[in-house]
Amino acid sequence: MSTPGTPDTPGTPAPAAPEASPPLKRALGPKLLILFVIGDILGTGIYATTGDVAGKVGGALWLPFAIGFVVALLTAASYVELVGKYPKAAGAALYTQKAFRIPFLTFIVAFMVMCSGLSSASAAARAFSGDYLGEFTDAVPPTLIAILFILALAAINLRGVSESVKANVVLTLVEVSGLAVILAIGAYAVFSGDGEPSRLTQIETGGTGYALITGVLGATALGFFAFVGFEDSVNMAEETKDPARNFPRAIFIGVAVTGTIYILVALVSSLLVDSRTLSDSSGPLLEVVKAGVDFPPKLFALIALFAVTNSALINLMMASRLCYGMANERILPPTMGKVLAGRRTPWVGIVFVSLLAIGLVSTGEIEGLGDTTSFLLLCVFGVVNIAVLVLRKDRVDHRHFRTPTALPVLGAITSLVLASPLADRGADVYVRAGILLLIGIGLWAVNKAVMAAREKSDRAAD
């Protein structure tokens, strides 16, 4: 990737190479990668924001998740082509730079991806300290719980990718069991004649025509938070065995499995619980359990706590790998790419993103943080879908997946529509995203100044 001061920038002296670090360990095989993608997508979104989506759209809760499923598949196809073509850890930042060669745009995209991961992890930390934990105790301040939660996950991340991914597999199996409980409750209700099927067709957005459209789009944009995660997996490309072969199956299977589960869970939730009750709860699936068969609420709450823990762990892991990739591409200072010699984990990146996450847990509620995550990533997805088309002229010397041209075109359109003001979302989302971007611009300016000072020092030394 070409950035100011790198050797491939004509007429610009190359900076001193960063201190060599050991390569990342290729620990992920195909089966582990599929579980990783599924675990990356499942979690906070479906466990915590189902009620907020119901509050926006009413009983037809399944509709935003179905639309979000389609949008996720479109963009997943673009990511599959790009990660097979360029199996590097920097993800969307790498694709943006190769396609547009605008270093500032590259940095903003990379920073938005990192911030989306941190806002998602913060939403998960808030969900952990909310109603699900309230089934056991409310004696400890939620903010303190969220901070301790982030610190514990940082320690797991520092241990190594193998330990982190194995923890992810265990937590994925636990969270899938929780959603299986919801689906079993739904099946029992259907065969027993319980529930209210008429709610499944009720769209309550507060109006008709334009208000109806913006209401559904707003619910879809928030519901899309449940699908984010598949894009993070591409940052594990340098830690995956044969990424060009293994990523297509892993991402498509991961999105298909989770999308199907989400739609079914949404149908069950609306069938058994009215939208007002769901929207009033920060633990909406717990309301479904209480309305269904005699399943212990505390046991389900414990499963939900494991589920949001998994979401936060994966998002913090991905943000740290993004820092590592950007440092190697000279978008961030080389220090951010330092690897812990014994564990071979990017320890500086892990510490950095964990500190930012601790700062974010004190801002906003689950809905606001989740919608911020969706907004940031939808903007990035629009850029990535366009980048696929631009990069068709760039040939590589190995085989890789190629998506039909219509899919990235539709992916770009749908992503940008959901990121636009047409999707009814709170002003706090735009304010939070704007502040994060200003922080990013400030970091960009600081990094440029550091690189310029280093080049000046190198010239003086010569």
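Just above sits the structure.
Residues numbered from 1 in each chain as written. Predicted model: local features only at pLDDT ≥ 70, side-chain atom pairs only at ≥ 80, totals over all residues. Heavy atoms only, no water.

Tell me about the nonpolar core, and please be specific about residues and values.
Counting 138 residues, the largest nonpolar core has Y47, F65, F230 and F300 as its most contacted members. Top element by residues in this core is helix α14 (residues 297-328). It accounts for 18 residues. In this structure, F65 is in contact with I46, T50, V53, G223, A226, F227, Y262, I263 and A266, ignoring residues within four places of it in sequence. (Core = buried A, V, L, I, M, F, W, Y, C linked by side-chain atoms within 4.5 Å. Buried < 20%, exposed > 50% of the residue type's maximum accessible area, 1.4 Å probe, protein only. Helix = DSSP H or I, 4+ residues; strand = E, 2+ residues; numbered from the N terminus. Contact = heavy atoms within 4.5 Å.)

Now, about unusual backbone geometry: what can you tell me, with residues and values included?
For R101, which is not glycine, the phi torsion reads 55° and is therefore positive. Structurally, the position occupied by R101 is in the loop between α5 (92-100) and α6 (103-128).

Break down the side chain of E175 for me, with residues and values.
By the secondary structure assignment, E175 is in helix α9 (residues 161-192). The side chain of E175 sits in the buried core without any salt bridge; R321 is the nearest counter-charge, 17 Å away. If we skip the residues at most four places from it in the chain, E175 touches G39, L42, G43, Y47, I303, A307 and N310. (Lys, Arg positive; Asp, Glu negative; His and termini not counted. Salt bridge = Lys/Arg side-chain N within 4 Å of Asp/Glu carboxyl O.)

With reference to specific residues and values, describe a nonpolar patch on the surface.
On the surface, I102, F104, L438 and I441 cluster together to form a nonpolar patch covering roughly 370 Å² of accessible area. Locating I102 in the fold gives a position in the loop between α5 and α6. (Patch = residues over 30% accessible without salt bridge, like charges linked within 9 Å, V, L, I, M, F, W, Y side chains within 5 Å. Areas by Shrake-Rupley, 256 points an atom, 1.4 Å probe, with all protein chains shown as cover.)

Which residues make up the packing of aromatic side chains, and what values do they have?
Summed over all chains, the structure comprises 14 aromatic pairs. Aromatic pair F227 and Y262: ring centres 5.1 Å apart, planes at 75°, arrangement edge-to-face. Of this pair, F227 sits in the loop between α10 (210-223) and α11 (243-272) while Y262 sits in helix α11; the two residues are 35 residues apart in sequence, bridging distant segments of the chain. Taken individually, F227 and Y262 each receive the classification buried, so the pair is uniform in this respect. Centroid distance F252 to F401: 5.5 Å. Interplanar angle 65°. Geometry classified as edge-to-face. Note that F252 is positioned in helix α11 and F401 in the loop between α16 (366-390) and α17 (406-419), a separation of 149 residues in sequence. (Phe/Tyr/Trp six-rings, centres within 6.5 Å; stacked < 30°, edge-to-face > 60°.)

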